[in-house]
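A look at the structure
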Amino acid sequence: MRDWDSIGTGPSEPHMIPASPHAAQPEDWRRQYRDAITDARILLAELGLEHLAARIAPDAAGFPLRVTRAFLARMRHGDPDDPLLRQVLPLDEETRVVPGFGLDAVGDLAARDARGVLHKYEGRALLVATGSCAVNCRYCFRRHFPYGEEAAAANGWREALDWLRSNPDIDEVLLSGGDPLALSTPKLAEFTDTLRTIGHVRRLRIHSRLPVALPARIDAALLDWLDALPWPTVLVIHANHAQELADDVAAACTALARHGVRLYNQSVLLRGVNDSVDVLKTLSERLFELGVQPYYLHQLDRVAGTAHFEVPDAHALALYEQLRARLPGYLLPRLVREMQGMPAKMPLQGTS
Ligand SMILES: *Cc1c(COP(=O)(O)O)cnc(C)c1O
Ligand code: SF4
């Protein structure tokens, strides 16, 4: 972590770090987080798409609409098929009941070992740190997860830390969610201050969409916290389309990399968003420009309300073979599916 400091934590940091402590309040990202749009009519009015209101699911199908202004700013005005809009707009297709699409598609409840702790894979424990996210993605595989009872950050992280302490085979801790960076920096530090006393933990991984959905989250206080961590730290961001990776996202990624964080990206293959070879190729190329390594391209988890996003396996595999032929190997994400009971995310095989 610290060994990269010398290459640039100097005065020329990206612009989201205030030059003077008064130029922006340290809690600025929290205000932006709170000010996210939660009303479909406002979102559609901003985009000049009022006529889509008739297609919105009542009650947002039980999973509220939520999108930050930063994410909205990258959408195309007047385009009902905008790939970013599709990711956040609760269309009435979500209320369709489709056989095979359930509430717990990936067996999260069976993998729960303590409050907020999911243990599926050898050596790695995933903490569902909190239930909230800056952007609610309509295809989210945890959209039905009982976050109320299951946030690891509740009670000062005590149950999760006790579990980690008593499981010496765990050498990597993943902070996931919800979005762990939706927690305040002091709340994250409360966790890592105790985690550092657990000797068998050797790597920390953070899965967060905030560098994309709310790049202001990557502020000076967060970078200070990252600097002080004793472990190599991996941050897996989540972007599905190059249009999400605007200049503010690039600046956040540059800052993270300069502070020694290793950056990866995971995407979900989504009909109408990124189910095209050109879109996937451009996404990988743009990630490379940002210093982010493409990691996973997930086949959709079959969660109720998401069926209209599914790309059939045969089509997914055909797209992937074309992508393989058009990208250098190091820019090719792994096309995987999560299968309950398997020891890892599995490469997609042609079946259906
Ligand atoms: C996906 C996942 C991980 C991480 O898997 P990697 O293949 O190491 O990225 C760990 N724990 C759980 C519960 C997961 O779902
Ligand atoms: S940011 Fe991640 S956890 Fe949150 S809604 Fe989107 S996919 Fe789900």
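Residues numbered from 1 in each chain as written. Chains lettered and ligands numbered in written order. Predicted model: local features only at pLDDT ≥ 70, side-chain atom pairs only at ≥ 80, totals over all residues. Heavy atoms only, no water.

Examining the side chain of Gln 266
In this structure, Gln 266 sits in strand β7 (residues 262–268). A polar contact of 3.4 Å, which involves the side chain of Gln 266, links it to the side chain of His 207. Excluding anything up to four places from it in sequence, Gln 266 contacts His 207, Val 236, Ile 237, His 238, Ala 239, Tyr 296 and His 298. (Helix = DSSP H or I, 4+ residues; strand = E, 2+ residues; numbered from the N terminus. Polar contact = N/O pair within 3.5 Å; in protein donor to acceptor, adjacent residues only side chain to side chain. Contact = heavy atoms within 4.5 Å.)

Comments concerning the site of ligand 2
Within the structure, ligand 2 sits among Cys 133, Val 135, Asn 136, Cys 137, Cys 140, Gly 178, Arg 209 and His 238. Assessed atom by atom at 2 Å from the grid points, ligand 2 resides in the largest pocket. Grouping the amino acids of the shell around ligand 2 by side-chain chemistry returns four nonpolar, three polar and one charged. (Near = heavy atom within 4 Å. 1 Å grid on protein atoms, 1.4 Å probe; cavity = no way out; pocket = protein on both sides within 12 Å on 5 of 7 lines; lining within 4 Å. Sits in = over half its atoms within 2 Å of the grid points. Nonpolar A, V, L, I, M, F, W, Y, C, P; charged D, E, K, R; others polar.)

As for helix α9 (residues 247–258)
Helix length check: α9, at 12 residues, gives a terminal C-alpha distance of 16 Å against a target of 16 Å (1.5 Å per residue), a fit within 8%. Within the sequence span of α9, burial applies to Val 249, Ala 250, Ala 251, Ala 252, Cys 253, Ala 255 and Leu 256. In the segment just after α9, Gly 260 is the residue with positive phi, at about 85 degrees. (Expected span 1.5 Å × (residues − 1). Buried < 20%, exposed > 50% of the residue type's maximum accessible area, 1.4 Å probe, protein only.)

Some details on the layout of surface pockets
Looking at the largest pocket, its volume works out to about 930 Å³. Around the largest pocket, the lining is made up of 43 residues, and of these Phe 141, Arg 142, Ser 176, His 207 and Gln 266 lie nearest the centre. Looking at the lining of the largest pocket, the elements that each hand over two or more residues are β2 (117–121), β3 (124–128), β4 (172–176), β5 (203–207), β6 (233–238), β7 and β8 (293–298). Across the lining of the largest pocket, the residue classes break down as 19 nonpolar, 13 polar and 11 charged. (Points joined across faces, edges and corners; volume = space filled by probe spheres on them.)

Some words on the state of the cysteines
Taken as a whole and judged by the stated rule, the model has zero disulfides. Considering cysteine sulfurs only, Cys 137 is the nearest to Cys 253, which forms no disulfide, with 16 Å between them. Given the relative accessible area of 0%, Cys 253 is considered buried. (Disulfide = S-S within 2.5 Å.)

As for helix α10 (residues 277–289)
Given a rise of 1.5 Å per residue, 13 residues ought to cover 18 Å, and the 19 Å separating the end C-alpha atoms of α10 matches this to within 8%. Looking at the buried residues of α10, the elements they touch are β6, α9, β7, β8 and α11 (313–326). Trailing α10 by a residue or two, Gly 291 shows a phi angle of about 75 degrees, which is positive.

A few points about unusual backbone geometry
For the peptide bond that leads from Gly 177 to Gly 178, omega is 5 degrees, which places it in the cis range. Notably, Asp 59 is not glycine yet its phi reads approximately 60 degrees, a positive angle. With respect to the element layout, Asp 59 can be found in the loop between α2 (40–46) and α3 (69–72). Non-glycine residue Asn 155 carries a positive phi angle of around 55 degrees. Relative to the assigned elements, Asn 155 resides in the loop between β3 and α5 (158–165). Residue class for Asn 155 comes out partly exposed when judged on its relative accessible area of 45%.

Some points on the packing of aromatic side chains
A full pass over the atoms with the stated rule returns six aromatic pairs. Pairing Trp 29 with Tyr 33 gives two aromatic rings, centres 6.2 Å apart and planes at 85 degrees, and the pair type is edge-to-face. Here Tyr 33 and Trp 29 lie together in helix α1 (residues 28–34), a separation of four residues that amounts to about one turn. Summarising the burial analysis for this pair, Trp 29 and Tyr 33 share the class buried. Taking the centre distance of 4.5 Å and the plane angle of 35 degrees together, the rings of Trp 157 and Phe 191 count as tilted. Of the two residues, Trp 157 sits in the loop between β3 and α5 while Phe 191 sits in helix α6 (residues 185–195), which places them 34 residues apart along the sequence. The residues Trp 157 and Phe 191 share a single accessibility class, namely buried. The structure contains a cluster of three or more aromatic residues connected by ring pairs, namely Tyr 264, Tyr 295 and Tyr 296. Stacked on the ring of Tyr 33, the Lys or Arg Arg 66 has its end atom at 4.6 Å from the ring centre. One cation-aromatic arrangement involves Arg 217 over Trp 29; the distance from NZ or CZ to the ring centre is 4.0 Å. (Phe/Tyr/Trp six-rings, centres within 6.5 Å; stacked < 30°, edge-to-face > 60°. Lys NZ or Arg CZ within 6 Å of the ring centre and 35° of its normal.)

Everything listed here is a matter of coordinates, which is why it stays silent on function.
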